[in-house]
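The primary structure of each chain is shown beneath.
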Amino acid sequence: MNTTTNNTSHNEVKPYNSGASKKNEVEDMFDNIAPKYDLLNHVLSMKVDTLWRKTLVKMLKTEMPNSVLDVATGTGDLAIAIQKGTDAEITGYDLSQQMLNVGVDKIKKLNLDGKIKMIKGDAEHMPFENDQFDAVTAAFGVRNFENLEKGLSEMRRVVKPNKSVYILEFSKVEGILGPLYMFYFKNILPLIGRLVSKDNRAYTYLPDSVNAFPYGEKMKNILLSVGFKEVKMKKLSLGIATIYKATK
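Residues numbered from 1 in each chain as written. Predicted model: local features only at pLDDT ≥ 70, side-chain atom pairs only at ≥ 80, totals over all residues. Heavy atoms only, no water.

Draft legend 1. Fine view of helix H5 (residues 148-158). Every buried residue of H5 is listed here: Leu148, Gly151, Leu152, Glu154, Met155 and Val158. Buried residues along H5 cover an arc of 155 degrees about the axis, so they all sit on one side. Those residues of H5 hidden inside the fold are in contact with strand E3 (67-71), strand E6 (133-139), strand E7 (159-170) and helix H8 (217-225). The backbone nitrogen of Glu149 has a side-chain oxygen 3.3 Å away, supplied by the residue at the start of H5, namely Asn147. (Buried < 20%, exposed > 50% of the residue type's maximum accessible area, 1.4 Å probe, protein only. Helix = DSSP H or I, 4+ residues; strand = E, 2+ residues; numbered from the N terminus. Arc of directions from axis to C-beta. Contact = heavy atoms within 4.5 Å. Polar contact = N/O pair within 3.5 Å; in protein donor to acceptor, adjacent residues only side chain to side chain.)

Draft legend 2. Structural context of the sheet that holds E3. Spatial strand order, E5-E4-E3-E6-E7-E9-E8: seven strands in an open sheet with mixed pairing. The open sheet has two edge strands, strand E5 (116-120) and strand E8 (230-236), and neither has a second partner. On average, adjacent strands in this sheet sit at an angle of 15 degrees to one another, irrespective of strand direction. Note: E3 against strand E4 (residues 89-94), five bridges, orientation parallel. Along E4, the bridge assignment pairs Val68 with Ile90. Running over the sheet, helix H3 (residues 77-86) touches E3, E4, E5 and E6 and is turned about 140 degrees from E6. (Pairing = 2+ DSSP bridges. Axes fitted to C-alpha atoms, helices over the stretch in contact; angles between N-to-C directions.)

Draft legend 3. The packing of aromatic side chains, seen in detail. Scanning all chains against the criterion turns up nine aromatic pairs. Arranged with centres 5.3 Å apart and planes meeting at 65 degrees, the rings of Tyr93 and Phe128 form a pair that is edge-to-face. One end of the pair, Tyr93, is in strand E4; the other, Phe128, is in the loop between E5 and E6, and 35 residues separate them in sequence. The class of Tyr93 is buried, set by a relative accessible area of 2%. (Phe/Tyr/Trp six-rings, centres within 6.5 Å; stacked < 30°, edge-to-face > 60°.)

Draft legend 4. The arrangement of the UniProt feature "binding site: S-adenosyl-L-methionine" (unreviewed entry) in the chain in detail. UniProt annotation of "binding site: S-adenosyl-L-methionine" (unreviewed entry) refers to Thr75, Asp94, Asp122 and Ala123 when read in the numbering used here. In this fold, Asp94 is placed in strand E4. The class of Asp94 is buried, set by a relative accessible area of 10%. Setting aside residues no more than four positions away along its own chain, Asp94 makes contact with Ala72, Thr73, Gly74, Met99, Leu100, Ile119, Lys120 and Gly121. Of note is the side chain of Asp94, whose polar atom sits 2.8 Å from the backbone nitrogen of Gly74. Here Asp122 shows up in the loop between E5 and E6. Given a relative accessible area of 19%, Asp122 falls into the buried group. At a separation of 2.8 Å, a polar atom in the side chain of Asp122 contacts the side chain of Lys23. (UniProt positions renumbered as here; feature names shortened; annotations may be inferred.)

Draft legend 5. Fine view of the pattern of salt bridges. Within this structure, the stated rule accounts for 15 salt bridges. The partner of Asp49 in a salt bridge is Arg53, with the nearest N and O atoms 2.7 Å apart. One end of the pair, Asp49, and the other, Arg53, are both in helix H2 (residues 48-61), four residues apart, so they sit about a helical turn from each other. Judged by relative accessible area, which is 2%, Asp49 ranks as buried. (Salt bridge = Lys/Arg side-chain N within 4 Å of Asp/Glu carboxyl O.)

Draft legend 6. Spatial organisation of the side chain of Asp77. Looking at the secondary structure, you find Asp77 in helix H3. Look past the residues within four positions of Asp77 in its chain and what remains in contact with it is Asp38, His42, Arg53 and Lys106.

Draft legend 7. Region of interest: the packing of helix H1 (residues 22-45) against helix H4 (residues 97-109). It is at 7 Å that the axes of H1 and H4 come closest, and there the two elements cross at 30 degrees. Relative to H4, the element H1 is oriented roughly parallel. On H4, the residues that touch Phe30, Asp31, Ala34, Tyr37 and Asp38 of H1 are Gln97, Gln98, Met99, Val102 and Lys106. A breakdown of the residues in the contact of H1 with H4 according to their chemical character gives five nonpolar, two polar and three charged. (Parallel < 35°, antiparallel > 145°, perpendicular 65-115°, else oblique. Nonpolar A, V, L, I, M, F, W, Y, C, P; charged D, E, K, R; others polar.)

Here it is as structure tokens:
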């Protein structure tokens, strides 16, 4: 399965190009920007990311899950939104301890620490049983996997049969607004990111990784290739992001 766009494989795009693995660089990057991550997310997306998460939770609620695994949970925004929307037991799972630390503080302030637990680990080697969760989710995380197919296969492994994995990920605006959005994404967004986070590379990596990442039909075909039996797509905000619902 060809997972490339613009002649660049998504897993060749790394935050720092230091010679370390993508996995190690991604962990370092998120550890570095963790204190400013939530602020930047909301500023750069003008809080539209909150609406996108609400859309995912609305889709997920129809399945009435009791247990949900949120992969690449970061600071826990999606985990918190899912818990509030479904009252399910949530497991947040992420590679970056610093991001998890921010998330744990937020969860405690909301008195949700009995409902959401946060675990550090690698999405491509998860410590969970086969068929363990009623649903698996990921928001803006699968793009950072070192091996996309391996990470998606793990997500499929741990969700119950006939249940679904929900992936919210950046895609691309097509049509007349495409060039305008790409200008913002490649020029304005990294500038704001650098000023706020003091990490020169982190917010250059974001547009680079989105540009190289398979989306739409290509992403759907990859999900089918790792064994999901059905994949539905929902475009958000003219295609800036897409929710993929992949059923096992």
